[in-house]
Amino acid sequence: MKKITNKIAIMMVLAGMLSGCTKFLDQTPNGVLSSDQIKEPERLLTATYAALGNDHYDVPFSLWPYGTVRSDDAYKGGSGPQDIQTFHFLEVSSNMMTNFAEIDKLWFQLYVAISRANTTIKTIQEMDNFEGKEGKLAEAKFLRGHFYFMLKTLFKYVPYIDETVPVDSYETVSNRAFNNDMLWQKIVDDFQYAVDHLPAVQAEVGRANRIAAAAYLAKTYLYKAYRQDNEERHTVTGINSGDLEKVLQNTEIVLASNHALEADFAFNFLPGKYENGTEALFSIQFSKDDGTKFGRVNFSDLLSVPMGLGCCDFNKPSQNLVNAFRTTGKGVPLDNYNSLNAFNASEKYDPRLFHTVAIPGLPYKYNSKRIYEESWNRNPADYSVYASLKENVDPDCDCFVPMAPFFANTKNRIVLRVADLILMRAEALIELHRSAEALPLINQVRMRAKNSASMTGYATDKMLIETYKNGENILWNEENARKALRWERRLELAMENGRFFDLVRWGIADKNMNAYYETEKSRRSYYASAHFTADKNEYLPIPEAQIRLSKYLYKQNPGY
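Note that the coordinates shown come from a computational prediction; the quantities given were computed from them, not determined experimentally. (Residues numbered from 1 in each chain as written. Predicted model: local features only at pLDDT ≥ 70, side-chain atom pairs only at ≥ 80, totals over all residues. Heavy atoms only, no water.)

**Student:** Would you mind showing me how to read helix H10 (residues 241–255) here?
**Tutor:** For an α-helix, the turn length of 3.6 residues means that residues three or four places apart are oriented alike. With 15 residues, H10 extends 21 Å between its outermost C-alpha atoms, agreeing within 8% with the 21 Å of an ideal straight helix rising 1.5 Å per residue. Regarding H10, the residues found buried are Asp243, Leu244, Val247, Leu248, Asn250, Thr251, Ile253 and Val254. Turning to H10, the residues buried within the fold contact helix H8 (180–197), helix H9 (210–225), strand E2 (226–230), strand E3 (233–239), strand E4 (280–284) and helix H14 (418–431). (Helix = DSSP H or I, 4+ residues; strand = E, 2+ residues; numbered from the N terminus. Expected span 1.5 Å × (residues − 1). Buried < 20%, exposed > 50% of the residue type's maximum accessible area, 1.4 Å probe, protein only. Contact = heavy atoms within 4.5 Å.)

This is the structure:
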């Protein structure tokens, strides 16, 4: 089985100093690092990389409840609305409380990860110069930027604590010490340092390199570009052209590298030889047979396995999402796309549907011996009959790991890939009023989708997609280019847990979600009272437990 070269399976345990004179107390127990080892940059970095996978199914770093279920792409799933009820309230944008344990734990775990990064950075900075010092600092800052990016998109206003803040001063740092733009700039600074000091290629798979840093820097600038109203409102008031130019500058670094789109869309979501492929810019590395009981498995997504294969049938693609893949006779998206209440085999769909959604009667994860059935669904009355495919694996793969009652897998999870970067660049060009330059970029992604049938021959008669041709199947002006870009991001990145954050960035979350709720009320009864409140539901509440720990220094987000 694969071994992770960056050793993220090693868990770092810090022990207090014990005094005593017996030989028993003088021995170093297994799993504990000595004070000298704690000062070793490589071990500290290992601990920080390990934090990428230190989550749980109810505290998932993949963010599926927050970026997908909270959007129009998926239903929560499970046994019913009461099953992890916090995620149900996220789904319907209602009854959100400040004391939800899942949200508090997510905040806590992300700050534990940031603490590891800060410890690594501070320790390395205090060491004498050694070969590779700046590179190791850059890796630690990249990882810190990653965790702060997650916090920023989830909560908007968070306390920014770096390696210069003494531990006994943590409680003096307000979550409003920096405004929205200043917090984004702090994240920019970490990724910029990584771009400036990381090599283009790392000897060990899984480590951050300059290309991954440039990709994350471009993403951060794209989010930063969309200026929001003020502290009490989240309305987008403008888009900063200087930040968009930085998006272009950093996506150029990525697109000039050896990374490129995979030949087939499917290859991004398969285990084994397909992992860390040409399109993957940064991935969370998982493993099996590494000396631990189950291996370093993907705990984030183990709940999305259909009940017909294991447990627990969460994160279910919505009918709205399935309908979004419908195409016209000209091979482009339908305007009136959401008129069906079930998949219709006589319709034509974008090929990416069959890589993203498990549909009754079709092979599950490309395995013709395992036909996905309606009976595999746990609660079809509430959550329909589809299942999510990208994060799952073929059960016949030895990467499918039984952990009764759950089933996990060891397939890597891609954080950033080339298609995402291409669409980021297209978005920046459109908002810079250079929409003509965005057309070939969007078409590059659509052409790859058209060519992605090597694994889905069973559905070729249901597929139809064409590139955009100005004057033939679209009038390519700025308004239509923006619409096409946003549609493309939804289809290309569906169920990859970024949809909700896109809607917030564009400033259309309230309009989009309330329209979604209105149509879904006739399909799912629990949407009857769903309502998205603008200037509130774009972000999570600051956990009440954290506000109390700060002695009420932290300020709650608007509306909570």
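**Student:** What exactly am I supposed to notice about the packing of aromatic side chains here?
**Tutor:** Given two aromatic rings, one states the distance between the centres and the angle between the planes to describe the pair. One pass over the full model with this rule turns up 39 aromatic pairs. Each ring, one from Phe142 and one from Phe191, has its centre 5.5 Å from the other, and the planes form 70 degrees; the classification is edge-to-face. With Phe142 in helix H7 (residues 133–155) and Phe191 in helix H8, this pair connects stretches of sequence that are 49 residues apart. Of the two residues, Phe142 and Phe191, both sit in the buried class. A ring pair is formed by Tyr349 and Phe354, whose centres lie 6.4 Å apart and whose planes are at 80 degrees; its orientation type is edge-to-face. One aromatic cluster is present, built from ring pairs that chain together Trp107, Tyr111, Tyr148, Phe155, Tyr160, Phe178 and Tyr554. Sitting over the ring of Tyr75, Arg524 keeps its end group 5.1 Å from the ring centre. (Phe/Tyr/Trp six-rings, centres within 6.5 Å; stacked < 30°, edge-to-face > 60°. Lys NZ or Arg CZ within 6 Å of the ring centre and 35° of its normal.)

**Student:** I tried to follow helix H15 (residues 435–450) on my own but got confused; where do I start?
**Tutor:** In this model, H15 (16 residues) spans 22 Å end to end at C-alpha, consistent with the 22 Å of a helix rising 1.5 Å per residue. For H15, the full list of buried residues reads Ser435, Ala438, Leu439, Leu441, Ile442, Asn443, Val445, Arg446, Arg448 and Ala449. Structurally, H15 contributes buried residues whose contacts are with strand E12 (413–417), H14 and helix H16 (478–492).

**Student:** Help me understand the pattern of salt bridges in this model?
**Tutor:** For side chains bearing opposite charge, pairing can occur when the charged atoms are close. Summed over all chains, the structure comprises 49 salt bridges. For Glu496, the salt bridge goes to Arg417, with nearest N and O atoms at 2.7 Å. Of this pair, Glu496 sits in the loop between H16 and helix H17 (499–506) while Arg417 sits in strand E12, and the two are 79 residues apart along the sequence. Three or more residues joined by partner-sharing salt bridges are found here, namely Glu279, Asp350, Arg352, Lys390, Arg417, Arg446, Arg448, Glu488, Glu492 and Glu496. (Salt bridge = Lys/Arg side-chain N within 4 Å of Asp/Glu carboxyl O.)

**Student:** Whenever I open this one, the state of the cysteines confuses me. Can you help?
**Tutor:** Disulfides are covalent bonds that link the sulfur atoms of two cysteine residues. Taken as a whole, this structure holds two disulfides when the rule is applied. Paired by a disulfide, Cys397 and Cys399 hold their sulfur atoms 2.2 Å apart. One quick way to see it: the torsion about the S-S bond of Cys397 and Cys399 is about 130 degrees, and its sign makes the bridge right-handed. Residue classification places Cys399 among the buried positions, given a relative accessible area of 3%. (Disulfide = S-S within 2.5 Å.)

**Student:** Just checking my understanding: could you explain the nonpolar core for this structure?
**Tutor:** Inside soluble globular proteins, nonpolar side chains tend to come together where they are buried. Ranked by internal contacts, the top residues of the largest apolar core, which has 154 residues, are Tyr66 and Phe142. One finds Ala358, Tyr372, Cys399 and Phe400 within the second-largest nonpolar core, a separate group that totals eleven residues. (Core = buried A, V, L, I, M, F, W, Y, C linked by side-chain atoms within 4.5 Å.)

**Student:** Can you walk me through the packing of H17 against helix H18 (residues 509–520) in this structure?
**Tutor:** When two helices pack together, you describe them by how their axes are tilted relative to each other and by the distance separating the axes. At a minimum axis separation of 7 Å, H17 and H18 run at an interaxial angle of 130 degrees. The orientation of H17 relative to H18 falls into the category oblique. Facing Arg499, Leu503 and Val504 of H17, the residues of H18 in contact are Ala509, Asn512 and Met513. By residue class, the composition of the contact of H17 with H18 is four nonpolar, one polar and one charged. (Axes fitted to C-alpha atoms, helices over the stretch in contact; angles between N-to-C directions. Parallel < 35°, antiparallel > 145°, perpendicular 65-115°, else oblique. Nonpolar A, V, L, I, M, F, W, Y, C, P; charged D, E, K, R; others polar.)

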